[in-house]
Amino acid sequence: MIERWNRDQVLALAPDAPSRKAAQGVSSPGKWSGAGATAEAVWGECKGSGATPYRACVDLSEPAYRCNCPSRKFPCKHALGLLLLWSADAVPTAEEPADWAGEWLDQRRARAERTATAATAEGGKGKAAPDPRRAEQREQRVSAGLAELELWLADQVRQGIAGSRRHDHWDGLVKRLVDAQAPGVAGAVSRLGDVLAGEDWPARLLGEYSLLHLLAVAHRRMAAAQPYGAGHEGEHGDGLVRTVRDRIGFPVAKEEVLAGRRVRDVWDVLGRRDAEQDRLITRRVWLRGRRTGRAAVVLSHAPVGQALDASLVTGVALDAELAFYPGASPLRALVAARHDGAVPALSPAGYPPREALEEVARALAGDPWLDSWPLVLGEVTPMTAGSGAGSWLLGRPEGALPLHPSAGTPWRLVAVSGGRPLTVAAEWTPQGLLPLTTWDDQGRVIVL
């Protein structure tokens, strides 16, 4: 049986703040009729402005959502309101779903079986080889673009970085890197303007220039030693090549990832963070395996205003197989398969700040361009280190890590702690920690 989610976990599924507010407005029992819940689903009819109520159903096993309201948000306020009602133990238990809900659930099961069968059949056929001529043309464009980047960086250091205070300083270079079919590098250059806000911008900008130079040199040397199409013998060498190519922007097909080795574990969903760049929302959902201790991130993307994947609920654990994208420090993964069965909800094992930093150091040794990593810190408390933004720390008296300046004053974390040590899941970044989730002394999930 799936353990009941709490209010925090449900509201964390909302696509935006207005949806959270609207969901609370339709979460009272008087708004609903015909509501019921089984071990894997919850459903009900919500009274709206029209004569016919809206029918909402949630498949808790994934989760997945259905509602016949006209909203384009996903999940909509009715699905969220129904889940809030369920989280408050205000939905009666039923032996089987209502007919309309059962029909949708059966259709989902049938689609999943057809998809699995088709994937198995497709896997046996193999995939058409890429056009070698087009691949070689792209390699030449990328090499030329990165060679220009190396010269540009040398000019910046020679001339000084005072002229970099203009936010349009990198626009021309970004366009040339896009034309060179190196979107990963172009994206990294386009974000350089973000470092200008802080007082330490010269040091940070030089650090970013160094990482770009390292990437360009790594590609040049790898291309000379092992041209595209040659065999990649050796796990470490292959992982490093894959990491460099991924950072440049060479895509890896989803089918290739799913065909690789899978890691089965009970994965704790630590939390998620949404970020907007060029009108595109990227959602990072962080996971950690209970047995393997492996960290993972599942990414989804959508234009602003469109629905993002909401199938991974913060604080929930799932028995699943993850397929990791190749690299020297594999982190990004796909949920390849889920396994049925109840998984107890436990707060994940936390580590002292020093051990957590050692894990980050190992990851950076394989991927120096890494800009985020999930950590679970145990027995830590929020503490101040002065006044102003960026003055908060999270840790123990013998060692603490700074919070990211954008985290501000972590009032909710301070309130939950009350001076007592906590287990906290956070996203490490070079500028500091971004707290995601904590667990109170009763084991309840608190989404930060």
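Residues numbered from 1 in each chain as written. Predicted model: local features only at pLDDT ≥ 70, side-chain atom pairs only at ≥ 80, totals over all residues. Heavy atoms only, no water.

(A) Focus on the sheet that holds strand β1 (residues 32–37). Overall, antiparallel pairing links the four strands, which are arranged β1-β2-β3-β4 in an open sheet. Single-partner strands in this sheet number two, and they are β1 and β4 (64–67). Neighbour-to-neighbour, the strand axes of this sheet turn through a mean angle of 10°, independent of strand direction. Relative to strand β2 (residues 41–46), β1 is paired through four bridges, and the arrangement is antiparallel. (Pairing = 2+ DSSP bridges. Helix = DSSP H or I, 4+ residues; strand = E, 2+ residues; numbered from the N terminus. Axes fitted to C-alpha atoms, helices over the stretch in contact; angles between N-to-C directions.)

(B) How the structure looks around the state of the cysteines. For the coordinates displayed, the defined rule picks out zero disulfides. Here C46 is not disulfide-linked; the sulfur of C67 is the nearest cysteine sulfur, at 7.9 Å. Residue classification places C46 among the buried positions, given a relative accessible area of 0%. The cysteine C76 is free of any disulfide, with C67 supplying the nearest cysteine sulfur at 3.7 Å. (Disulfide = S-S within 2.5 Å. Buried < 20%, exposed > 50% of the residue type's maximum accessible area, 1.4 Å probe, protein only.)

(C) A look at helix α5 (residues 132–159). In this model, α5 (28 residues) spans 41 Å end to end at C-alpha, consistent with the 40 Å of a helix rising 1.5 Å per residue. Of all the residues in α5, the buried ones are A135, R138, E139, V142, G145, L146, L149, E150, W152, L153 and Q156. One or two positions beyond α5, positive phi appears at G160, with a value near 95°. (Expected span 1.5 Å × (residues − 1).)

(D) Summary view of the pairing of strand β12 (residues 399–402). Two elements, strand β11 (residues 392–396) and β12, share four bridges in a ladder whose sense is antiparallel. Considered in β12, the bridge of L394 is made with L401. Following β11, the chain reverses through two residues before pairing antiparallel with β12.

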